[in-house]
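Residue-level structural notes
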Amino acid sequence: MAILEVKDLTYIIGTKTLYENASFDLNRTDHMGIVGQNGVGKSTLINIIISKVEQNSGTIKWQKGIKMGYLDQHAEIDGELTVFEFLKTAFKSLFEAEQALNDLYLRICEEQSDELNDQIEQLQNRLMFSGFYDIDNQIMKVASGLGVTAIGVDKLLKNLSGGQRAKVILTKLLLESPDILIMDEPTNFLDVEHIDWLKKYLHDYEGAFIVISHDFDFLDYITNCVIDIEFQKIKKYSGSFSQFEKQKQLDKELQQKAYEKQQKEIQHLQSFIDRFSAGTRATMAQSRQKVLDKMEIIEPPKSLQKPNFNFNSIPLGSNKEMLIVNNLTVGYDKPLLKNISFKLNSGEKLVITGFNGIGKSTLIKTIIGKIPALSGDFEFEYHVQWGYFEQELHWEDPKLKPFEILGAIYPDMEDKEVFGKLALCGVKGKMCTQPISSLSGGEQCKVKLCILMLEKTNLLILDEPTNHLDQEAKEVLKKNLIDWKGGILMISHDKEFYDGWINRVISVK
């Protein structure tokens, strides 16, 4: 039985139609992935489902009594709570039941009543069978699996980084164990080992869930159905992500064959009509014209256009090293990483991995001069020109449009060329003239990559460049970085993306 029914859904933002008359169901046992290119409306669909955004038409119908849990990484939380205190709020109703039970114990001392005894028994059974007396262990088990214990459960929420905060919110959501989990990119802030733990947890999850993710290894392990958003349509496929990819390709091949067959039939009919529209066979020609008029035309399968990130390189120079880091200690009020030393050789491609919140981004920001070093030193060789990609989707003025942002950075570039460069990176049409904050995360990343692409560099410094990109964009970016002749210093948790072409991995622990 469906716990969620979406019927004839249409949503239009500005002049862009995301989906038109789209329908699908979510069943109680569905482990559903949502996929599609950046900007097709994956996050918007979730916001419609949870009633944060109102559709233009169509119906969203939930089964009565369903407990829904949504991963809101930007939810307001009390910063004065410790991590452990916050996680205990996942069991708020059970703690309220415990308080009610304690109140009844006090009353039963003063008045004896069968009704009070029944209430006490009911609350005792509820707490016992819900695992209330094992809550601390439940919390620590999930917190450990997602890396929250490494952050410190006694740490105040206000002192957490953005990634750490998101981990804690996800932990609370899982502890609540709702009938349906709804999550948008839950792996973006997780490390490899914690992604593996979440994969197994979701694979065995008894309830339903809906997940948006660009980590297709992750999706392949956890899903038993996929909805694909493409060309204003939403289509549900049964099976894992790998099975969806095969079925989608097969559907396209069958559609192409049906299209070609119909085109031959149309040509044959039209040829007969043209030859015999007058004369003794005119009646037969008219009959074929009626067949042609009633024919439901099959469209050829559409192809997605891929972006291109062709970075603008300058010569490497003759020096052996590009960057030397010596006993560098980085942090803010206190050190995050101490005594870091490494060299980046000319043209070398290096990845830094490690737990979220451990200080990888802080290290990069120190090296490029955004924050001061606490001690130690680093030096770029004189020939190095670096370009930086920051993972945070932060803009000085979020109301500016992509073509305005690019035009301000490159004022000598004509408008036509600005639009052309954005289009090359997959930012096209109305996207160029919308406020940057109204674009999807992947579209904003493409604008950032476009800016970087136009810089003259021989060293790319990239902080989690794939977090919001769709599969097509990731594949193109990977190819461009493989072909890039300069150096690369990259932070990434996406092993599938960098495995096989990076020269060296530095694991920060």
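Presented here is a report on the structure given in the accompanying data block.

Cut-off values and rules
- Residues numbered from 1 in each chain as written.
- Predicted model: local features only at pLDDT ≥ 70, side-chain atom pairs only at ≥ 80, totals over all residues.
- Heavy atoms only, no water.
- Pairing = 2+ DSSP bridges.
- Helix = DSSP H or I, 4+ residues; strand = E, 2+ residues; numbered from the N terminus.
- Axes fitted to C-alpha atoms, helices over the stretch in contact; angles between N-to-C directions.
- Contact = heavy atoms within 4.5 Å.
- Parallel < 35°, antiparallel > 145°, perpendicular 65-115°, else oblique.
- Left-handed = near helix turned anticlockwise from the far one by under 90°.
- Nonpolar A, V, L, I, M, F, W, Y, C, P; charged D, E, K, R; others polar.
- Patch = residues over 30% accessible without salt bridge, like charges linked within 9 Å, V, L, I, M, F, W, Y side chains within 5 Å.
- Areas by Shrake-Rupley, 256 points an atom, 1.4 Å probe, with all protein chains shown as cover.
- Salt bridge = Lys/Arg side-chain N within 4 Å of Asp/Glu carboxyl O.
- Lys, Arg positive; Asp, Glu negative; His and termini not counted.
- Charge placed at Lys NZ, Arg CZ, Asp CG, Glu CD.
- Phe/Tyr/Trp six-rings, centres within 6.5 Å; stacked < 30°, edge-to-face > 60°.
- Buried < 20%, exposed > 50% of the residue type's maximum accessible area, 1.4 Å probe, protein only.

1. Examining the sheet that holds strand E15 (residues 386-389)
Sheets are built from strands that pair by backbone hydrogen bonding, the pairs being arranged parallel or antiparallel. The strand order E15-E17-E18-E13-E19 describes an open sheet built from five strands, whose pairing is parallel. Two strands close off the open sheet at either side, each with one partner strand: E15 and strand E19 (504-508). Mean inter-strand twist for the sheet, computed between neighbouring axes without regard to direction, equals 15 degrees. Pairing of strand E13 (residues 349-354) with strand E18 (residues 487-491) involves four bridges; the strand directions are parallel. Bridging across to E18, Val351 finds its partner in Met490. This element, helix H15 (residues 441-454), spans E15 and strand E17 (459-463) of the sheet and lies at about 175 degrees to E15.

2. Describing the packing of helix H3 (residues 92-110) against helix H4 (residues 114-129)
The geometry of H3 relative to H4 is characterised by a closest axis approach of 10 Å and an angle of 150 degrees between their N-to-C directions. Comparing their axes, H4 and H3 come out roughly antiparallel. Seen along the crossing, H3 lies across H4 with a hand that is left-handed. Note on element contacts: H4 touches H3 through Leu116, Asn117, Gln119, Ile120, Leu123, Gln124, Arg126 and Leu127, opposite Ser93, Leu94, Ala97, Glu98, Ala100, Leu101, Leu104, Tyr105, Arg107 and Ile108. In terms of residue class, the contact of H3 with H4 is made up of eleven nonpolar, four polar and three charged.

3. A look at a negative patch on the surface
Judged by side-chain charge, Asp114, Glu115, Asp118 and Glu121 come together as a negatively charged surface patch. Tracing the chain through its elements places Glu121 in helix H4.

4. Focus on the packing of helix H13 (residues 402-409) against H15
Interhelical geometry of H13 versus H15 gives an angle of 20 degrees and a closest axis separation of 11 Å. Considering their axes alone, H13 and H15 lie roughly parallel with respect to each other. For the crossing formed where H13 meets H15, the hand is right-handed. Counting all contacts with H13, which are made through Pro402, Ile405, Leu406 and Ile409, the residues of H15 involved are Val447, Cys450, Ile451 and Leu454. Classifying every residue of the contact of H13 with H15 by side-chain character gives eight nonpolar, no polar and no charged.

5. Section: the environment of Leu250
Topologically, Leu250 is positioned in helix H10 (residues 241-276). For Leu250 and Pro435, which are 185 residues apart along the polypeptide, the C-alpha to C-alpha distance reads 38 Å.

6. Some words on the sheet that holds strand E1 (residues 2-13)
Pairing is antiparallel across the open sheet formed by three strands, whose spatial order is E2-E1-E4. The open sheet has two edge strands, strand E2 (16-27) and strand E4 (57-62), and neither has a second partner. This sheet shows a mean twist of 15 degrees between the axes of neighbouring strands, independent of strand direction. Relative to E4, E1 runs antiparallel, the two being bridged by five bridges. In the strand pairing of E4, Lys7 is matched with Thr59. Lying on the sheet, helix H1 (residues 42-49) is in contact with E1, E2 and E4; it crosses E2 at an angle near 60 degrees.

7. So, the environment of Gly331
Position of Gly331 relative to the elements: it lies in strand E11 (residues 321-331). Put simply, Gly331 and Lys365 are 34 residues apart on the chain and 10.0 Å apart in space, counted from C-alpha to C-alpha. Excluding its chain neighbours within four sequence positions, the residues that come into contact with Gly331 are Leu336, Thr362, Ile371 and Leu374.

8. Section: the packing of aromatic side chains
For the structure on display, the rule yields ten aromatic pairs. Ring plane angle 80 degrees and centroid distance 6.2 Å describe the contact between Phe311 and Trp484, whose orientation is recorded as edge-to-face. With Phe311 in the loop between helix H11 (282-294) and strand E10 (312-313) and Trp484 in the loop between helix H16 (471-483) and E18, this residue pair connects regions lying 173 residues apart in the sequence. Relative accessible area serves as the criterion here: at 8%, Phe311 is assigned to the buried category. Owing to a relative accessible area of 6%, Trp484 belongs among the buried residues under this scheme.

9. Some details on unusual backbone geometry
If you check the backbone angles, Glu185 has positive phi at about 55 degrees while not being a glycine. Of note, Glu185 is situated in the loop between strand E6 (180-184) and helix H8 (192-203). The class of Glu185 is buried, set by a relative accessible area of 7%. The backbone of Asn327 sits at a positive phi, close to 50 degrees, despite the residue not being glycine. Positionally, Asn327 belongs in strand E11. For Asn327, a relative accessible area of 40% gives the class partly exposed.

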